[in-house]
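Geometric and topological summary
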Amino acid sequence: MEQPDTLPETALADVRARIAQAAGIARRDPAEIALIAVSKTHPAERIAPLIAAGQRCFGENRVQEAQDKWPALREAHTGIALHLVGQLQSNKAEDAVRLFDCIHSLDRPSLLTALARAMDKAGRRVPCFVQVNIGAEAQKGGCAIADLPALLAAARDADLPVAGLMCVPPAGIEAAPFFALLDKLAADHGLAGRSMGMSDDFETAVMLGATHVRVGSALFGARG
Ligand SMILES: *Cc1c(COP(=O)(O)O)cnc(C)c1O
């Protein structure tokens, strides 16, 4: 596996500085922006140095992988917040609700029903971002923009807390228009959270209103 040429703690300081700089340009308070360190595929030994450097907010995209890695890390360190950033199957909703503090991939009524039921059963409300298929891509996860009002209404009816909207823009083209669109959709629906921006574009996302950036390879190096 390719390793970053910098130490994880150096990479963390660099990403934090770049978030602060982008926030400054947009006249935003950097404290408004949560950095989610996406640790998928990386073992606990690679994650521990970031925790030691003060990072507490992490993202995983697979329930099983997170179940394998995080209970031990959480026992060793206080204050860890775990975010699910990947697609979620309804049959994994109960595990996800037990394990994660925030879910970024609510995108369809069947999953909403499963999550609401799992939250009732666990006695725990886990904030969710509604993932929007912002580029209307055929194979991509996410709720169609046209279906967003109904999904948000269903979430309200089910007493499922919606933190905001999340997107992964189409690859290979400028992300800014998609971030701007997600920001507008969130504003239109009175939602505070905008989960947008990854290693290649988090500064643009911060300038366009991101409240949560999901950064993996810029912190951990390329995934194998
Ligand atoms: C993997 C992943 C990220 C992080 O991607 P990088 O390009 O490595 O920063 C962010 N969001 C989602 C949904 C992901 O699956």
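The structure displayed is predicted, hence computed values, not measured ones.

Criteria and cut-off values
- Residues numbered from 1 in each chain as written.
- Predicted model: local features only at pLDDT ≥ 70, side-chain atom pairs only at ≥ 80, totals over all residues.
- Heavy atoms only, no water.
- UniProt positions renumbered as here; feature names shortened; annotations may be inferred.
- Helix = DSSP H or I, 4+ residues; strand = E, 2+ residues; numbered from the N terminus.
- Buried < 20%, exposed > 50% of the residue type's maximum accessible area, 1.4 Å probe, protein only.
- Contact = heavy atoms within 4.5 Å.
- Salt bridge = Lys/Arg side-chain N within 4 Å of Asp/Glu carboxyl O.
- Near = heavy atom within 4 Å.
- Polar contact = N/O pair within 3.5 Å; in protein donor to acceptor, adjacent residues only side chain to side chain.
- Areas by Shrake-Rupley, 256 points an atom, 1.4 Å probe, with all protein chains shown as cover.
- 1 Å grid on protein atoms, 1.4 Å probe; cavity = no way out; pocket = protein on both sides within 12 Å on 5 of 7 lines; lining within 4 Å.
- Sits in = over half its atoms within 2 Å of the grid points.
- Nonpolar A, V, L, I, M, F, W, Y, C, P; charged D, E, K, R; others polar.

**Details of the UniProt feature "domain: Alanine racemase N-terminal" (unreviewed entry) in the protein chain**
Under the feature "domain: Alanine racemase N-terminal" (unreviewed entry), the UniProt entry names residues 15–223. Secondary structure content for residues 15–223 is 42% helix and 16% strand, and the end C-alpha separation is 18 Å.

**Points about the UniProt feature "modified residue: N6-(pyridoxal phosphate)lysine" (unreviewed entry) in the protein chain**
UniProt marks K40 with the feature "modified residue: N6-(pyridoxal phosphate)lysine" (unreviewed entry), using the numbering shown here. Judged by its relative accessible area of 18%, K40 falls in the buried class. Setting aside residues up to four positions removed in sequence, K40 forms contacts with G59, E60, N61, E65, K69 and R223.

**Here's the deal with the pattern of salt bridges**
Counted under the stated rule, the structure contains 14 salt bridges. Linking R108 and D107 is a salt bridge whose minimum nitrogen-to-oxygen distance equals 2.8 Å. Its salt-bridge partner being E137, residue K140 comes within 2.9 Å of it at the nearest N-O pair. Residue classification places K140 among the partly exposed residues on the basis of a relative accessible area of 27%. One continuous salt-bridge network, built from bridges that share partners, spans D14, R18 and E203.

**Quick notes on the site of the ligand**
Contacts to the ligand come from V38, K40, V85, M166, M198, S199, R214, V215, G216, S217 and R223. Between the ligand and K40, the relevant distance is 2.7 Å, taken from an oxygen atom to a side-chain nitrogen or oxygen of the residue. At a separation of 2.8 Å, an oxygen atom of the ligand approaches a polar backbone atom of S217. Look at the ligand: alone it shows 390 Å² of surface, and the protein chains cover 88% of it. For the ligand, the cavity whose grid points lie within 2 Å of the majority of its atoms is the largest pocket. Considering only residue class, the shell around the ligand consists of five nonpolar, three polar and three charged.

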